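If you want the building blocks of each chain, they are given just below.
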Amino acid sequence: MNQLFHQLACWRLETPIGPLVLAGDRDALRVIRFHGHQDDAWVVDRAPLRDAIEQLKAYFAGKLTVFNLTLAPEGTPFQQSVWRALLDIPYGETTSYGGVAKRIGKPSAIRAVGAANGANPIPIVIPCHRVIGSNGKLTGFGGGLPTKELLLKLESRQLHIL
């Protein structure tokens, strides 16, 4: 495991989709985990994560459509390119894995895009939930397909408040 993760502050945030654990430092948000799982080496400390906590609360209340956070996800250069492309998917919209592959200039890398999407360490803020199958169906999501569906409904205003 990377040494960085041993130096992170974390905070458990109760949300309408279940508990999330946020991890980061004074410089950036680095991780969001579903189901409240945290690394034992992380230090519980709300202070470095205050902005992320407040913005996520506003997002779930339907009051925030664009996050303004410094992010530092760890990954390969390819994963980083996919995650940057995900940030360009507007709130309330979806795209396919093929669409993301085209955005990063690698139209035949659909499966690799899917793998990078699944490895996203900062879901919700880096909106991997906005990527769906080319047939319009929901596909895998680290928080589970019901959670992905709820996030998409929230963003399409089908759910005013979760």
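So, a few notes on the structure that sits alongside this text.

Cut-offs and rules
The numbers attached to residues start from 1 for each chain and follow its sequence in the written order. Under the rules for a predicted model, residues below a pLDDT of 70 receive no local features and side-chain atom pairs below 80 are neither given nor counted, while totals for whole chains, interfaces and linings still include all residues. Side-chain numbers here rest on the full set of heavy atoms in the structure, without hydrogens or water. Only DSSP runs of H or I with at least four residues qualify as helices, and only runs of E with at least two residues qualify as strands; both kinds are numbered from the N terminus onward. Throughout, radius of gyration means the C-alpha value; the globule benchmark is 2.2 Å times the number of residues raised to the power 0.38. Buried means the residue's accessible area, taken with a 1.4 Å probe over protein chains only, is under 20% of the maximum for its type, while exposed means over 50%, and partly exposed covers the values in between. Residues are treated as being in contact if the distance between any of their heavy atoms lies within 4.5 Å. Per-residue accessibility takes into account occlusion by the displayed protein chains alone, with areas from the Shrake-Rupley method and a 1.4 Å probe. Positive charges come from Lys and Arg alone, negative charges from Asp and Glu alone, with His and the N- and C-terminal ends not counted. Where a charge lies is defined by one atom per residue type: Lys uses NZ, Arg uses CZ, Asp uses CG and Glu uses CD. For this analysis, a nonpolar core means a set of buried residues of the types Ala, Val, Leu, Ile, Met, Phe, Trp, Tyr and Cys, connected via side-chain atoms within 4.5 Å. Where helices are involved, their axes are fitted lines through C-alpha atoms of the stretch in contact, as for all axes, and angles between N-to-C directions lie from 0 to 180°. Working definition: roughly parallel below 35 degrees, roughly antiparallel above 145 degrees, roughly perpendicular at 65 to 115 degrees, and oblique for all remaining angles. Classification convention: Asp, Glu, Lys, Arg as charged; Ala, Val, Leu, Ile, Met, Phe, Trp, Tyr, Cys, Pro as nonpolar; all other residues, Gly among them, as polar. Two strands form a pair only when DSSP identifies at least two bridges running between them.

1. So, the overall build of the protein
For the protein, the count of helices and strands is five helices and six strands. Order of helices (α) and strands (β) in the protein, N terminus to C terminus: β-β-β-β-α-α-β-α-α-β-α. Relative to its length of 162 residues, the protein is compact, with a C-alpha radius of gyration of 15 Å against a globular reference of 15 Å. With respect to the principal axes defined by its C-alpha atoms, the protein has extents near 40 × 35 × 25 Å. By residue count, 50% of the 162 residues in the protein fall in the buried class. Long-range contacts, defined here as pairs at least 24 residues apart, represent 57% of the contacts in the protein between residues at least 6 apart. With an accessible surface of roughly 8300 Å², the protein has 51% of that area assigned to carbon and sulfur atoms. Both charge centroids of the protein, one from 18 positive and one from 13 negative side chains, sit 8 Å from each other.

2. Concerning the nonpolar core
Core analysis: the largest hydrophobic core is formed by 37 residues, its most contacted members being Leu-22, Leu-29, Leu-56, Tyr-59, Phe-60, Leu-86 and Ile-124. Residue assignment for this core shows that the elements contributing at least two residues are β2 (18-24), β3 (29-34), α1 (50-60), α2 (77-87), α3 (97-103), α4 (110-118) and α5 (145-155). The biggest single contributor to this core is α1, with five residues. In this structure, Cys-10, Val-21, Ala-23 and Val-31 belong to the second largest nonpolar core, which totals six residues.

3. Details of α2
Buried within α2 we find Gln-79, Gln-80, Ser-81, Val-82, Trp-83, Ala-85 and Leu-86. Those residues of α2 hidden inside the fold are in contact with α3, α4 and β6 (131-132).

4. Points about the packing of α2 against α4
Across the interface, α2 lies against α4 with an axial gap of 9 Å and an inter-helix angle of 80°. With respect to α4, the axis of α2 lies roughly perpendicular. When α2 is examined against α4, the residues Phe-78, Gln-79, Val-82, Trp-83 and Leu-86 are found in contact with a partner set consisting of Ala-112, Val-113, Ala-116 and Asn-117. Split by residue class, the contact of α2 with α4 holds seven nonpolar, two polar and no charged.

5. Topic: the pairing of β3
Burial within β3 is extensive, with five of its six residues counted as buried. Inspection of the sheet shows β2 paired to β3 by five bridges, in the antiparallel sense. If you follow Gly-24 over to β3, its bridge partner there is Leu-29. The turn joining β2 and β3, which pair antiparallel and follow one another in sequence, is formed by four residues.

6. A word on the sheet that holds strand β4 (residues 43-44)
To summarise the sheet geometry, strands pair through backbone hydrogen bonds and adopt either a parallel or an antiparallel arrangement. Judged by pairing direction, the sheet is mixed, and its four strands sit side by side in the order β3-β2-β1-β4 without closing on themselves. The sheet is open, and its two borders are formed by β3 and β4, each paired with just one other strand. For strand β1 (residues 9-15) and β4, the ladder comprises two bridges, and the chain directions are parallel. Residue pairing for β4: Cys-10 is matched across the bridge by Val-44. Where α1 meets the sheet, it contacts β1, β2 and β3, and its direction lies at approximately 15° from that of β1.

7. Observations regarding unusual backbone geometry
Within the chain, Ile-124 stands out as a residue other than glycine whose phi angle is a positive 75°. Positionally, Ile-124 belongs in the loop between α4 and β6.

8. Focus on the side chain of His-129
Checked against the element boundaries, His-129 lands in the loop between α4 and β6. Those residues in contact with His-129, other than ones at most four positions away along the chain, are Tyr-59, Ile-124, Phe-141, Lys-148, Leu-151, Leu-152 and Glu-155.

Any functional reading would require information beyond the geometric quantities listed.
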